[in-house]
Amino acid sequence: MLDMPLILKEAKKIAIVGLSPDVSKDSHQVGKYLLNAHYQVVPIYPKGDSILGQKVYHDMTEALRTERPDIVVVFRKSEACVQIAQEILASGFLPKVFWMQLGISNAQAKDMLESQGISVVANQCIKIEHQRLLGGQ
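Residues numbered from 1 in each chain as written. Predicted model: local features only at pLDDT ≥ 70, side-chain atom pairs only at ≥ 80, totals over all residues. Heavy atoms only, no water.

Caption draft 1: A look at the packing of aromatic side chains. Here the structure, examined in full by the defined rule, presents 0 aromatic pairs. Above the plane of the ring of Tyr-57 lies Lys-55, whose end atom (NZ or CZ) is 4.7 Å from the centre. (Phe/Tyr/Trp six-rings, centres within 6.5 Å; stacked < 30°, edge-to-face > 60°. Lys NZ or Arg CZ within 6 Å of the ring centre and 35° of its normal.)

Listed below in structure tokens is the structure:
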């Protein structure tokens, strides 16, 4: 069983795939919340140079060349999770947790990552879980 409170307490750096610069989007609100909760946030978004004052990486492969996130949070369609998982596995760096946000799940990506020792969370919001388990910001 995944020890979610421990994971959230020990994590320092969280990459967010699909972190939008649009302040009205859920991904932006979650990223802002995580920054305010004192995590380092690594935005992964196909456009732009900076989101929430953080350097933007245009894909997972680019981000993992220099960043070593404890958690990778996904705000993309469920179908995109396999490609993201492949990029992670090919990078040579394995985060502790692959977190698919509310409404997102992919059994193939889950199996691929868990077979390499990465814990997987599906269909849950990291902000809601953080607030619930650690008493929010």
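Caption draft 2: Highlighting the pattern of salt bridges. Taken as a whole and assessed by the stated rule, the structure comprises 4 salt bridges. Across the salt bridge formed by Lys-110 and Glu-114, the nearest N and O atoms sit 3.0 Å from each other. With Lys-110 and Glu-114 both in helix α5 (residues 107-114) and 4 residues apart, the pair spans about one turn of that helix. Taking the relative accessible area as the measure of exposure, Glu-114 reaches 35% and is therefore partly exposed. (Salt bridge = Lys/Arg side-chain N within 4 Å of Asp/Glu carboxyl O. Helix = DSSP H or I, 4+ residues; strand = E, 2+ residues; numbered from the N terminus. Buried < 20%, exposed > 50% of the residue type's maximum accessible area, 1.4 Å probe, protein only.)

Caption draft 3: Structural detail: unusual backbone geometry. Unlike most non-glycine residues, His-38 shows phi in positive territory, near 75°. Following the sequence through the fold, His-38 ends up in the loop between α2 (26-36) and β2 (40-44). Of note, the phi angle at Leu-52 is positive, near 55°, even though the residue is not glycine. In this structure Leu-52 comes out as partly exposed when scored by relative accessible area, which is 26%.

Caption draft 4: Here's a closer look at the packing of helix α4 (residues 81-91) against α5. It is the contact of α4 with α5, at a shortest axis distance of 8 Å, that shows an interaxial angle of 15°. The orientation of α4 relative to α5 falls into the category roughly parallel. As α4 runs across α5, the sense of the crossing is left-handed. On the side of α4, the interface is formed by Cys-81, Val-82, Ala-85, Gln-86, Ile-88 and Leu-89, while α5 contributes Gln-108, Ala-109, Met-112 and Leu-113. (Axes fitted to C-alpha atoms, helices over the stretch in contact; angles between N-to-C directions. Parallel < 35°, antiparallel > 145°, perpendicular 65-115°, else oblique. Left-handed = near helix turned anticlockwise from the far one by under 90°. Contact = heavy atoms within 4.5 Å.)

Caption draft 5: α4, seen in detail. Every buried residue of α4 is listed here: Cys-81, Val-82, Ile-84, Ala-85, Glu-87 and Ile-88. Taken together, the buried residues of α4 touch β1 (13-17), α3 (60-66), β5 (71-74), β6 (97-100) and α5. Immediately beyond the C-terminal end of α4, within one or two residues, lies Gly-92, with a positive phi of roughly 90°.

Caption draft 6: Seen up close, the state of the cysteines. As enumerated under the stated definition, the model contains 0 disulfides in all. Cysteine Cys-81 is unpaired, with the sulfur of Cys-125 as its nearest cysteine sulfur at 15 Å. Assessed through its relative accessible area of 9%, Cys-125 is described here as buried. (Disulfide = S-S within 2.5 Å.)

Caption draft 7: Structural context of the pairing of β1. By the criterion of burial, β1 is predominantly enclosed, with 5 of the 5 residues buried. The alternating pattern of β1 places Lys-13, Ala-15 and Val-17 and Ile-14 and Ile-16 on opposite faces, both of which are buried. Where β1 lies against β2, 5 bridges are found, and the strand directions are parallel. Paired with Ile-16 across the strands is Pro-43, a residue of β2. With α2 bridging β1 and the parallel β2, this β-α-β connection has right-handed handedness. (Pairing = 2+ DSSP bridges. Right-handed = clockwise from strand over helix to strand, strands pointing away.)

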